[in-house]
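Observations on the model geometry
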Amino acid sequence: MAEEVVTEVLQKAGETVWDSIQRITEASMCMNRNYSLLEAKMKTLCALRDDLKDRTTKYKSTKKRTMDDWFHRVMVAENLAEELHNKFIELEESSRLFHVLPRSKLSKQMASMILEIGEFLVEGNQLGDTLVHKVAEPVVKVTAPDISYIPTLQGALDKILQDLTNEDLKAIRVLGMLGAGKTTIMQNLNNHEKVASMYERVIWVTVSGEENNKENLSTEMLQHMIAERLIVDTEGATDVTKIARKVKEELEGVKYLLLLDDVKSELDLDMIGIPEGAKGSKIVMTTKFRHVRLPSCSNIEVKKLSQSESWNMFHKLLDLHDDIKDKPQLERTARKAVSLCAGHPLMIKMAARIFKAIEKRELSEISWSDGLQTLRRWPQKGNNEPMKDLLKFCCDHLDHEQKPCFLYSALYPEDTEIFTEGLLDCWEAENILKSSDDAKISGRNILRHLKNVILLEEGATGRYVRMHKVIRATALNLLSEDRKDRCLVKTSEALQKPNGGMPKRQCVDLWTDKEWISLANNSLDTLPDAPRSSQLSTLFVQKYSKHKKIPDSFFQHMHSLLVLDLYMTELTTLPSSLYKLSNLKVLYLNGCTALKELPGFIGQLKSLEVLDIRGSGVGKLPHQIEGLTQMRRLLVSFTMSTQGNYDSIFKLSGLEELIIDVDSEMEDWCNKLIEDVVEKVSTLPRLISFQFCLHNRVIDVIQVVDDTVKIYVPKEHHLRSFLERRQDLETRSFQVYIGCFISRGPEIPEFYRYDRYVKYDSGWGQNDVINKVLTKVHAFELINHNDIEHLSSNAIESMDYVQGCLIQRCNKMRTIVRSYCTRDRSLLPNLERLDAKDMPKLEKIWEGHVQLGSLSKLKTLVLRKCPMLTIVFCNVIVQQLRELQYLDIEDCCRVEEIVTCSQDVSPYVVPKLSTLILCNMPSLRKICSTLDWTSLETLKIHDCPTLKELPFDSNTAMKIQTIEVEEDWWKALQWSDSEVKEQLGSQHNNLATKHVNNSHLFPKVTSIHSKSGC
């Protein structure tokens, strides 16, 4: 053994014997710690392995061999960890002196293993994040309005459900006029629980192209939509026949329900890849054309609504209050309005919105009559397309800002969920919002108005909006009239003709002199080289196939471009001519998974204000991005492999909004990431909005609302950086949340009174940065602080401006203020309200000397669930409470007397107390002996069985207006002064009363029956 030690000690050249011995000894001493780390890391790795194995039973892996190899290497690592565990057990009780070498060797092996496991964890999370594709869900729910109260629509739905059980039928056709509710019926069908139980796959496909186009989408696009829904890998398959084969293979052997909405012409389902009637599968389609049919199908026609249905729908949408329902003249006017809609659901919806807007401003017969006249000015309903004429009428009544905003929204493809913040960015970039200094506020007001008049609708969540296809068709017609030939919208359709395509010269001419172009979801084959688009300000080229390419010279002549949306384009690189876009303000690259990096020349886009690369393949931001001084809004994604590559973000000094999508479900890693980023983000002085979007929640770190800065920091030390770097914390209202999310909100009562507020949750020990921020605040919450027995003298001295304080669930706190070291100054001189709740160890409020002026402004004191509290007020403190008006003590089982003071104390020390509440205090014997509360107006006592008398004299009895007590307790009270009892009774006509069990209680008393508390 001695020779081995010498060999080990001298094996490193240049080391002294002492250095080598020290190194070996240190490694030996670390053996236990390394074992604990290894055990914890191995537990995490095994959990990740099990999670991935579970997911591979529900998901498909596109790189199965890579995944299998990782599983194999983890198994080897697990076996090695088991061997190290066994060696550790052998050496655990061994002498550190005589077994230093084997202990040192094992410690090093475990340290090496810990590093290796760390690499496995990173690799495993990358596999989970990028390589595993989800198996198609049986049903994807959609937004569906309630139709249960409309028999015409609900009856059609019930008939479809009935026909689905008919084995002789293969298809169902739902026929109806434009806007009759066919799509709404289908949405309810898609979400119906019976459908989910009957079919293994429910597939929704919107078959139509633009509403103005009389054709269906191309076969290629329908295949793409179905393949995307079923998560069919079409990699490398460009031929229609090959894709059809893949779709058919996926559906064969599966009982499916195919929902085809808005079919405009005959469909070749076999060419798309739909197998006929497999395992009882069925197809339901909607159409407004009678000639469109499917083999072996039933027919269900959606009629206009009856008068009573129309009224019920209008009534429900308007959400009338009871006081309105009782006004027959208003109902008469409303019924006339409904009759003008002629049973058309969409028109009823619009009429209801008009009257809803009127109701918010004024509720009178005249104002509702004005609403009726508005409807009467609608176009005549006798023509072939009343809805389109009506919508054109409504659009013509938009003002000079609302109308271009509405028309711009039509650039997005039909049935698209439009991200509201993105839409506002585009409106602002296009300089449509001109009437307000704050463009976002103006934009939100316009968005609200467009939703009020149903030109836009709420999306699946509040962050999105949608445009009804009928409304969008009208908008596109108006867009064509309004912008003449300066707008090109070819979404969800082919730009080229199928018979050989469009001539190259004609294709280039399409781009000339255009201002807005939208080719979203387009099946175009190529984009032109360097089109002459010098006037172009907005370009949408969303979901452009990776089999196509954007020419390098494409942006050569687009100097006026302001908005470029390349959402989900499968490009691997950005065209080199992009740097020519010197005026570009908004660039969307979100969902561009094949794009692995941003080129350095992006730093030349000096006007860029908004960049979205969420869900892209970009793993690192180039340092040139630091030169984008106009950048105000950035949206990015972090994964375990890319989080360290975004330091350039924190050098964008002009950044106002930052959104980080976190692509991981590892909660520990997510929490560590948040801590790291919050530390860095404090360097951005203009940031007014910062969010983390995790897989199951959104965490706001910074918000500015109504000129109030809200900041969340995970730990105390993060706050120091914000205090040092954010000057607005010196001048603005603020709310700081330490250790708890902004979404938790304030718990302190009457929060609205305070401009500056701090909530400190789950902290440990005393902290000077907390003391520093307390010098600035008006309200302070201390929650779940588990290791302090009282507020430190530094904290108390920092709270001179605090007006409201809530202390809750601080389980070791014995007293709130301990003032032995602060005899020379008044404490809490501006405190107006103090709440202490759920404090299991609290014995008293104040301990030590009370300097004149301390608590001199306290008006409200609330003590609840303080089971160890024995003293509420004593001599030294009660004399300071000349402003106390409200005292509430509940669930404090050890308190025997509220005010304990000697005879030399003035009886008038709490002269303004007007409300006293005492509940669930089984030990309470006395309220006070000598005090004269001449301002007392309300007394509420419940469940205080040992309290036998009240401290009233003739003066206090004169002021009391309400007493709430239990009847039996009141009758058992002992009265030292019978005149007081008689006086209380003689004034019964002026006092609050309440009946209990139909018996009139003592006139002065409001009785309480409940034993559950106040």
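Scroll up to find the structure.
Bear in mind that the values here come from a model prediction, so they are computed numbers and not experimental data.

Thresholds applied
- Residues numbered from 1 in each chain as written.
- Predicted model: local features only at pLDDT ≥ 70, side-chain atom pairs only at ≥ 80, totals over all residues.
- Heavy atoms only, no water.
- Helix = DSSP H or I, 4+ residues; strand = E, 2+ residues; numbered from the N terminus.
- Buried < 20%, exposed > 50% of the residue type's maximum accessible area, 1.4 Å probe, protein only.
- Contact = heavy atoms within 4.5 Å.
- Areas by Shrake-Rupley, 256 points an atom, 1.4 Å probe, with all protein chains shown as cover.
- 1 Å grid on protein atoms, 1.4 Å probe; cavity = no way out; pocket = protein on both sides within 12 Å on 5 of 7 lines; lining within 4 Å.
- Points joined across faces, edges and corners; volume = space filled by probe spheres on them.
- Nonpolar A, V, L, I, M, F, W, Y, C, P; charged D, E, K, R; others polar.
- Salt bridge = Lys/Arg side-chain N within 4 Å of Asp/Glu carboxyl O.
- Core = buried A, V, L, I, M, F, W, Y, C linked by side-chain atoms within 4.5 Å.
- Pairing = 2+ DSSP bridges.
- Axes fitted to C-alpha atoms, helices over the stretch in contact; angles between N-to-C directions.
- Parallel < 35°, antiparallel > 145°, perpendicular 65-115°, else oblique.
- Left-handed = near helix turned anticlockwise from the far one by under 90°.

Looking only at helices and strands, one finds 31 helices and 36 strands in the protein. The burial tally for the protein puts 51% of its 1014 residues in the buried class. Of all intrachain contacts in the protein linking residues separated by at least 6 positions in sequence, the fraction that spans at least 24 positions is 66%. Accessible surface, the protein: about 46500 Å² in total, of which carbon and sulfur atoms supply 48%.

A positive phi angle, near 55°, is found at Met568, a position not held by glycine. Mapped onto the fold, Met568 is located in the loop between β14 (563-565) and β15 (586-588). Positive phi is not limited to glycine here, since Asn784 has a value of about 55°.

If you add up the space inside the second largest pocket, you get close to 940 Å³. Along the walls of the second largest pocket sit 29 residues, with Glu421, Lys440, Arg444, Ile688 and Val704 positioned nearest its centre. The set of elements that each furnish at least two residues to the lining of the second largest pocket consists of α19 (420-429), α20 (439-452), β18 (657-662), β19 (689-693) and β20 (698-705). For the lining of the second largest pocket, the class distribution of residues is eight nonpolar, five polar and 16 charged.

Before going further, it helps to spend a moment on the pattern of salt bridges. Between side chains of opposite charge, a pair can form as their charged atoms come close. Within the structure shown, the criterion is met by 45 salt bridges. We note a salt bridge from Glu301 to Lys303, for which the minimum N-O separation is 3.9 Å. For Glu301, a relative accessible area of 36% corresponds to the partly exposed category. Residue Asp425 is joined to Arg632 by a salt bridge in which the shortest nitrogen-to-oxygen separation is 3.7 Å. Residue Asp425 is located in helix α19, and its partner Arg632 is located in the loop between β16 (610-612) and β17 (633-638); the two are separated by 207 residues in the primary sequence. A residue is classified by how much of its surface remains accessible, and Asp425, at 0% relative accessible area, is buried.

With that settled, the discussion passes to empty space enclosed by the protein. Here the structure, examined in full by the defined rule, presents seven cavities of 30 Å³ or more. Its boundaries defined by the atoms lining it, the largest cavity holds a volume of some 100 Å³. Lining the largest cavity are 14 residues, with Tyr760, Gly765, Gln766, Ile770 and Ala795 positioned closest to its centre. Those elements giving two or more residues to the lining of the largest cavity turn out to be α26 (768-774) and β24 (779-783). Here the lining of the largest cavity gets three residues from one element, more than from any other, and that element is α26.

With 156 residues, the main nonpolar core has Leu539, Phe692, Phe873 and Ile898 as its most contacted residues. Per-element tally for this core: the top contributor is helix α23 (residues 667-681), with seven residues. Phe873 has contacts with Leu861, Val878, Leu881, Leu884, Leu887, Ile898, Val899 and Thr900, leaving out every residue within four places of it along the chain. Of all hydrophobic cores here, the second largest spans 42 residues; its members include Cys405, Leu407, Leu424 and Ala429.

This part covers the sheet that holds strand β10 (residues 464-466). Whether parallel or antiparallel, the strands of a sheet pair through hydrogen bonds between backbone atoms. The strand order β8-β10-β9 describes an open sheet built from three strands, whose pairing is antiparallel. In this open sheet, the two strands that pair with only one neighbour each are β8 (418-419) and β9 (457-458). Direction of pairing for β9 relative to β10: antiparallel, over a ladder of two bridges. Bridged to Glu458 within β10 is Val465.

Okay, the packing of helix α18 (residues 402-409) against α19 next. The N-to-C vectors of α18 and α19 enclose an angle of 125°; their axes lie 11 Å apart at closest approach. In terms of their interaxial angle, α18 and α19 are classed as oblique. The way α18 lies across α19 gives a crossing that is right-handed. Residues Cys405, Tyr408 and Ser409 of α18 touch α19, and the partners they reach there are Leu423, Cys426 and Trp427. Its residues assigned to classes, the contact of α18 with α19 comprises five nonpolar, one polar and no charged.

In terms of burial, strand β6 (residues 282-287) is largely enclosed, as six of its six residues are buried. Residues of β6 alternate between two faces, with Lys282, Val284 and Thr286 on one and Ile283, Met285 and Thr287 on the opposite face, all of them buried. With five bridges joining them, strand β3 (residues 171-176) and β6 adopt parallel strand pairing. Bridge pairing links Ala171 to Ile283 in β6. Bridging between strand β5 (residues 256-261) and β6 involves four bridges; their strand directions are parallel. Residue Leu258 lies in a different strand from β6, and its bridge partner there is Ile283.

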